[in-house]
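Per-entry structural report
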Amino acid sequence: MSETAKIELDGKVFELPIITGSENEKALDISKLRGQSGYITLDRGFKNTGSCTSAITFLDGEKGILRYRGYPIEQLAENASFLEVTYLILKGELPTADQLAAFEEKIDSHTLVHEDMKRFFEAYPAKAHPMGILASMICSMSTFYPESQDPNRSEEAFELSIIRLIAKLPTLAAMVYKNTVRHPFMYPKNDLGYVENFMYMTYGMPTEEYKPDPVIASALNKLLILHADHEQNCSASTVRIVGSSQANLYASISAGISALWGPLHGGANQAVIEMLEMIKEDGGDLDKWIAKAKDKQDPFRLMGFGHRVYKNFDPRATIIKKACDDILGKLGVNDPTLEIAKRLEEVALNDEYFKARGLYPNVDFYSGIIYKAIGIPTEMFTVMFALGRLPGWIAQWKEMLDNGDPIGRPRQVYTGENERDFVALDKR
Ligand code: SDX
C-alpha cells in the first residue's frame, strides 16, 4: 500500500501519492492535483519541485554528499579516468578493462571534426566569447550529421551520435581556444589519452614536439570528473526540456551550453577570477567587498559562493581546493589570487550573513585558479566546465527519453489584465 498525503482545498480532501527514492527522499506526486482540484502549485525557480525521477546522480546538500551511479566522487576523482567516469555515467556501471578499451577505441575513431567546420571561425569577430562559438558549433553538428535529427533513429545511430559528441567536443574546444589566441589548429593525436589529446590540441604547436605534462593532465582529469554531472541543475534541466520536444541530441546539448554560460551557473568560474582580480587591483580590502556582497542595494555578489542545494559545503570545492595547493606547488606557481581566495573564504565563513544563509564556496570558487595556473584563458573556463559536464548532460537526456518523460510544459498563474474590448486607433 503506497503512502499518501492529504490536502484540504475548498472543503474537499484530496489524497496525493508519496514517492520515496532509493535514498529515502520523499516527494508528493502532484501529477493529478489539477485534474482533481483545479489547483496547480507555484514554485519560482523550482526550488522545491522535482521534474523527474533519475538514477544517475545522488547528492545530499545538507551532508555534502555527491555520488555518480552510487560511487562517491572522492573515490572516482582519486582513482578513475574521465572516460571511465563517462562510461559509468552513461551506462550505469564501471567498465571492465575490455569495455573501456572498446569505448576508447570508438571515441578515437571520431575525434576529427568535418573540415568545413573550420570555416565557421573565419566569420567570428576576434573577441568572440568561446561559449558563443561552442554552442553554435555543437548545434551545427546536427546539420553535418542529419541522421541525428531523426527521433526514430536506430540504436546504433543513436549510439554513434553520442560517441561523435564525446569524441569531438575536446577537438572543438581546443579549436575555440586556438581561435582565441589566433594560433593554428592542431589535429588530434589518437595515441594520446582523452585529456592528454585535448592538451596536445590546445597547447601544442605544429612547429615543435609537445609532451603533455602529467601533473597538469592529472589535475584536468580530476576537474573533469568533478564536473561530470550534478543531477537537475539549470543546464541539465535545459537539456532535458529541449530534448523532451524530440529535438536532436546536438541541439539539446547546445542549449545546455548556453544555459551553463550564465554567471550564476557555469559562467561563475570566469566571474570568480574576474572578481578576485578586481579585489586585488582594488587593494585587497576584503571587508569592503564582503560588505558589498551583503548589501541588498549593491548588485555585487560573492561569485563562487552559495549554492541552490549545498547549504553546508560543496564536496567538489573541498577536493578542488586541495588540488589547487597541490598543482600550484608542483608547478611552482605563486598566484596572489589564491591567497585572496583563501582569505575571502575565511572571512566569509566567519560572517553571520553567510553562515545564516548557508553560503559556502562552490565548485567554481577554486577551479578557475587551477585553470589559470595551467595557462587556460579566463574566457575558456566555462568551456572547460562544459567539457566535464558533457557525460552528465547526455545521460540526463537519454534517461528522459528512456523513461518516456512527456514534453516539458509547466503551468503558470496569470496575473495580467482581465478580458477587455479592442479600442480603435482613433479612439485611444
Ligand atoms: C553552479 O545547481 C547546480 O548544481 C549548479 C552547479 C552544477 O554543478 O551544475 O553546482 C554549478 O552553478 C554553482 C553555482 C555558481 N554560481 C555562483 O557562484 C554565483 C554566485 N552564487 C549565487 O548567485 C547563488 O548562490 C546561486 C545562484 C548559486 C544560488 O542561488 P539561490 O539558490 O537562488 O539562492 P538565493 O539567490 O535565493 O540566495 C539566498 C540568499 C539571498 O539572500 P536573502 O534574500 O535570504 O537575504 O543568499 C543570498 C541571497 O541574496 N546569496 C548571496 C550569494 N548567494 C546567495 N549573497 C551574496 N553572495 C552570494 N554569492
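First, a word on what this report is: a plain description of the structure on this page. (Residues numbered from 1 in each chain as written. Predicted model: local features only at pLDDT ≥ 70, side-chain atom pairs only at ≥ 80, totals over all residues. Heavy atoms only, no water.)

**Section: helix α6 (residues 130–144)**
An α-helical turn contains 3.6 residues, so a residue and the one three or four places further along point in the same direction. The end-to-end C-alpha separation of α6 is 21 Å, in line with the 21 Å expected for 15 residues at 1.5 Å each. For α6, the set of buried residues is Pro130, Met131, Ile133, Leu134, Ala135, Met137, Ile138, Ser140, Met141 and Ser142. Lining the buried residues of α6 we find α5 (120–123), α7 (155–181), α11 (249–261) and α18 (381–402). (Helix = DSSP H or I, 4+ residues; strand = E, 2+ residues; numbered from the N terminus. Expected span 1.5 Å × (residues − 1). Buried < 20%, exposed > 50% of the residue type's maximum accessible area, 1.4 Å probe, protein only. Contact = heavy atoms within 4.5 Å.)

**Overview of the packing of aromatic side chains**
By the definition in use, this model includes 14 aromatic pairs. Summarising the aromatic geometry, the rings of tyrosine 87 and phenylalanine 103 are spaced 5.4 Å apart at their centres and angled 85° between planes, so their arrangement reads as edge-to-face. Separated by 16 residues along the polypeptide, tyrosine 87 in helix α3 (residues 82–91) and phenylalanine 103 in helix α4 (residues 97–108) bring together distant segments of the chain. Residues tyrosine 87 and phenylalanine 103 agree in their burial class; the two are buried. For the pair tryptophan 289 and phenylalanine 300, a centre-to-centre distance of 5.0 Å together with 65° between the ring planes defines the contact as edge-to-face. Of this pair, tryptophan 289 sits in helix α13 (residues 286–294) while phenylalanine 300 sits in the loop between α13 and α14 (315–331), and the two are eleven residues apart along the sequence. (Phe/Tyr/Trp six-rings, centres within 6.5 Å; stacked < 30°, edge-to-face > 60°.)

**Re the environment of isoleucine 56**
Checked against the element boundaries, isoleucine 56 lands in the loop between α1 (33–37) and β4 (57–60). With a relative accessible area of 1%, isoleucine 56 lands in the buried category. Between the C-alpha atoms of isoleucine 56 and alanine 424, which are 368 residues apart in sequence, the distance is 57 Å.

**Remarks on the pattern of salt bridges**
Going through the model one piece at a time under the given rule, you end up with 25 salt bridges. Between glutamate 15 and lysine 6 there is a salt bridge; the shortest N-O distance is 3.7 Å. Taking the relative accessible area as the measure of exposure, glutamate 15 reaches 44% and is therefore partly exposed. Between aspartate 191 and lysine 189 there is a salt bridge, with the nearest N and O atoms lying 3.6 Å from each other. Given a relative accessible area of 63%, aspartate 191 falls into the exposed group. Shared partners join several salt bridges into a network, and the residues in it are Lys91, Lys106 and Glu159. (Salt bridge = Lys/Arg side-chain N within 4 Å of Asp/Glu carboxyl O.)

**Let's talk about a positive patch on the surface**
Taken together, the side chains of Arg44, Lys47, Arg308 and Lys311 make up a positively charged region of the molecular surface. Mapped onto the secondary structure, arginine 308 falls in the loop between α13 and α14. By relative accessible area, arginine 308 is classed as partly exposed at 45%. (Patch = residues over 30% accessible without salt bridge, like charges linked within 9 Å, V, L, I, M, F, W, Y side chains within 5 Å. Areas by Shrake-Rupley, 256 points an atom, 1.4 Å probe, with all protein chains shown as cover. Lys, Arg positive; Asp, Glu negative; His and termini not counted. Charge placed at Lys NZ, Arg CZ, Asp CG, Glu CD.)

**Some details on empty space enclosed by the protein**
Applying the stated criterion across every chain, the model contains three cavities of 30 Å³ or more. Taken together, Leu112, Val113, Glu115, Lys118, Thr171, Met175, Phe185, Met186, Tyr187 and Pro188 form the lining of the largest cavity. Taken together, the residues that form the lining of the largest cavity break down as seven nonpolar, one polar and two charged. (1 Å grid on protein atoms, 1.4 Å probe; cavity = no way out; pocket = protein on both sides within 12 Å on 5 of 7 lines; lining within 4 Å. Points joined across faces, edges and corners; volume = space filled by probe spheres on them. Nonpolar A, V, L, I, M, F, W, Y, C, P; charged D, E, K, R; others polar.)

**Looking at the pairing of β4**
Side chains Thr57 and Leu59 of β4 all project onto a buried face; the interleaved residues Phe58 and Asp60 project onto the opposite face, where all are buried too. Pairing of β4 with strand β5 (residues 65–68), which is carried by four bridges, proceeds in the antiparallel orientation. Residue threonine 57 lies in a different strand from β5, and its bridge partner there is tyrosine 68. Counted along the chain from β4 to the antiparallel partner β5, the turn is four residues long, and its residue glycine 64 has a positive phi close to 65°. (Pairing = 2+ DSSP bridges.)

**Some details on the packing of α7 against α11**
Relative to each other, α7 and α11 sit at 40°, their axes nearing to 10 Å. Taken together, α7 and α11 sit at an angle that is classed as oblique. Contacts between α7 and α11 involve Ser161, Ile162, Arg164 and Leu165 from the first element and Leu249, Tyr250 and Ile253 from the second. A per-class count over the contact of α7 with α11 returns five nonpolar, one polar and one charged. (Axes fitted to C-alpha atoms, helices over the stretch in contact; angles between N-to-C directions. Parallel < 35°, antiparallel > 145°, perpendicular 65-115°, else oblique.)

**Quick look at the site of the ligand**
Around the ligand there are 25 residues in total, and His230, His307, Arg308, Arg316 and Arg389 lie nearest to it. The separation between an oxygen atom of the ligand and a polar side-chain atom of arginine 316 is 2.6 Å. At 3.0 Å, a side-chain N or O of asparagine 362 approaches an oxygen atom of the ligand. The fraction of the free accessible surface of the ligand (1,100 Å²) that becomes covered by protein chains is 78%. Classifying every residue of the shell around the ligand by side-chain character gives ten nonpolar, seven polar and eight charged. (Near = heavy atom within 4 Å. Polar contact = N/O pair within 3.5 Å; in protein donor to acceptor, adjacent residues only side chain to side chain.)

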